[in-house]
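Inside the fold
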Amino acid sequence: MTSVCTMTGKWTARDVPDQTGRTAVITGANTGLGFETAKVLAEKGAHVVLAVRDPDKGRRAADRITAAAPHADVTVRQLDLTSLDNIRRAADDLRAGYPRIDLLINNAGVMYPPRQTTRDGFELQFGTNHLGHFALTGQLLDNILPVDGSRVVTVASIAHRNMADIHFDDLQWERGYHRVAAYGQSKLANLMFAYELQRRLSAKNAPTISVAAHPGVSNTELTRYIPGARLPGVSLLAGLLTNSPAVGALATLRAATDPEVKGGQYYGPDGFQEIRGHPVLVGSSAKSRDEDIQRRLWTVSEELTGVTFPV
């Protein structure tokens, strides 16, 4: 595969190499960033699996993709990241249906809700954004590891710097809930997971790499819990100051497909404060790079989910 940036030097969807023969599983792919990621990969020839909580919404998303690209090969699988039992069933289904998985894109997420818990009692943001994807990845990795050029892409956020820490003494925010800090914890955990997974893959000399990406600030349904976000004037301003979902998805697409990408890298927008723009290699906080905390988080995540990895 080769990738050549456009004449402007900005990496765009046109730079995604041919994906024929590759299978991509994308969580939360019925809307927003996940949908745009799925659409481009399908247009480029990948078999795309929309792993979504609501199969009806997933089928409507698949219909939209095939309407735009009649040759697209898209299927829908049910996945509820708020339930470890459901994740286990979904992983069994995906392993049986797709012996070869080239791309796993951990995209689904929730941001700033009032305090809620998953079916297993985890704080909703930490449980969905981190623990759900941790459990899913661990149970699919056997179908990813044998595949040359395979990748696990985890979608993080600039919010990993915002009031973010891993609160090992109260991971589920039972002693006082702050929606912004809880989201920051979940996104910091996403990055730490991506980095620790890469270190384990490297130690195994696996052909799989782990990469992280973030969309900057993108005007998607993820903002629905922000007060006033859907007011007409606010929505218009957000549209002018933030990435569209299609542009926001480019960082994920680059992490997933650019042949120059290396394991352990992190991609995000090239604009001011990484809020908007086209994808480039970016840095992350010193805290996210703390290997001792990464290893501790990994151990705790295994204990909470009951999932261990083959690396």
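This is a predicted model, so every value here is computed, not measured.

**A short note on the overall build of the protein chain**
Along the backbone of the protein chain there are 9 helices and 8 strands. What you see for the protein chain is a C-alpha radius of gyration of 18 Å, in line with the 19 Å of a compact globule of 311 residues. The C-alpha extent of the protein chain, read off along each of the three principal axes, is 50 × 50 × 40 Å. Among the 311 residues that make up the protein chain, the fraction classed as buried is 56%. Within the protein chain, residue pairs in contact and separated by at least 24 positions form 75% of the contacts whose partners lie at least 6 positions apart. Of the side chains in the protein chain, 34 bear a positive and 32 a negative charge, and the two mean positions are spaced by 3 Å.

**Re the pairing of strand β1 (residues 23-27)**
A regular strand places its side chains on the two faces of the sheet in alternate fashion. Counting buried residues in β1 gives 5 out of 5 residues, a clear majority hidden from the surface. Of the two faces of β1, the one carrying Thr-23, Val-25 and Thr-27 and the one carrying Ala-24 and Ile-26 are both buried. By the bridge criterion, 5 bridges tie β1 to strand β2 (residues 47-52) in an arrangement that is parallel. Each bridged residue has a counterpart across the sheet, and for Thr-27 the counterpart in β2 is Ala-51.

**Some words on the environment of Arg-161**
Secondary-structure assignment places Arg-161 in the loop between β5 (151-155) and α5 (179-203). For Arg-161, a relative accessible area of 48% translates into the label partly exposed. When the C-alpha positions of Arg-161 and Gly-34 are compared, they lie 23 Å apart, and in sequence the two are 127 residues distant.

**Things to note about the packing of helix α4 (residues 124-144) against helix α9 (residues 291-305)**
Following both chains from N to C, one finds α4 and α9 inclined at 85°, their axes separated by 10 Å at the closest point. By the angle between their axes, α4 is roughly perpendicular relative to α9. Side by side, α4 and α9 meet where Phe-126, His-130, Leu-131, Phe-134 and Ala-135 of the first sit next to Leu-297, Trp-298, Ser-301, Glu-302, Leu-304 and Thr-305 of the second. Its residues assigned to classes, the contact of α4 with α9 comprises 7 nonpolar, 3 polar and 1 charged.

**Focus: the side chain of Thr-257**
Within the secondary structure, Thr-257 is located in helix α8 (residues 250-257). For Thr-257, a relative accessible area of 0% puts it in the buried group. In this structure the side chain of Thr-257 is engaged in a polar contact, spanning 2.7 Å, whose partner is the backbone oxygen of Leu-253.

**Quick notes on the nonpolar core**
Judged by nonpolar contacts, the single largest core of 39 residues is most densely connected at Leu-136, Leu-140, Leu-197 and Phe-309. Of all the secondary structure elements, the ones that give two or more residues to this core are β2, α3 (84-97), α4, α5 and α9. No other element matches the 8 residues that α4 contributes to this core. Sequence-distant contacts of Leu-140, that is, excluding residues within four places in its chain, are made with Ala-91, Leu-94, Arg-95, Ile-101 and Leu-104. By size, the runner-up hydrophobic cluster in this structure holds 34 residues, among which are Val-16, Phe-35, Ala-38 and Ile-105.

**Some details on the packing of aromatic side chains**
Scanning the model with the defined rule gives 7 aromatic pairs in all. With a centroid separation of 5.7 Å and 25° between ring planes, the pair formed by Phe-193 and Trp-298 is classed as stacked. One end of the pair, Phe-193, is in helix α5; the other, Trp-298, is in helix α9, with 105 residues separating them in the sequence. Classification of Trp-298 by relative accessible area gives buried; the value is 2%. On the basis of an interplanar angle of 55° and a centroid distance of 4.6 Å, the ring pair of Trp-298 and Phe-309 is categorised as tilted. Here Trp-298 is found in helix α9, whereas its partner Phe-309 is found in the segment after α9, with 11 residues between them in sequence. Note on Phe-309: relative accessible area 10%, which makes it buried. If you follow Arg-289 out to its NZ or CZ, it ends over the ring of Tyr-195, 3.9 Å from the centre. A cation sits over an aromatic face here: Arg-296 above Phe-168, 3.9 Å from the ring centre.

Calculation rules
- Residues numbered from 1 in each chain as written.
- Predicted model: local features only at pLDDT ≥ 70, side-chain atom pairs only at ≥ 80, totals over all residues.
- Heavy atoms only, no water.
- Helix = DSSP H or I, 4+ residues; strand = E, 2+ residues; numbered from the N terminus.
- Rg over C-alpha atoms; globule rule 2.2 N^0.38 Å.
- Buried < 20%, exposed > 50% of the residue type's maximum accessible area, 1.4 Å probe, protein only.
- Contact = heavy atoms within 4.5 Å.
- Lys, Arg positive; Asp, Glu negative; His and termini not counted.
- Charge placed at Lys NZ, Arg CZ, Asp CG, Glu CD.
- Pairing = 2+ DSSP bridges.
- Axes fitted to C-alpha atoms, helices over the stretch in contact; angles between N-to-C directions.
- Parallel < 35°, antiparallel > 145°, perpendicular 65-115°, else oblique.
- Nonpolar A, V, L, I, M, F, W, Y, C, P; charged D, E, K, R; others polar.
- Polar contact = N/O pair within 3.5 Å; in protein donor to acceptor, adjacent residues only side chain to side chain.
- Core = buried A, V, L, I, M, F, W, Y, C linked by side-chain atoms within 4.5 Å.
- Phe/Tyr/Trp six-rings, centres within 6.5 Å; stacked < 30°, edge-to-face > 60°.
- Lys NZ or Arg CZ within 6 Å of the ring centre and 35° of its normal.

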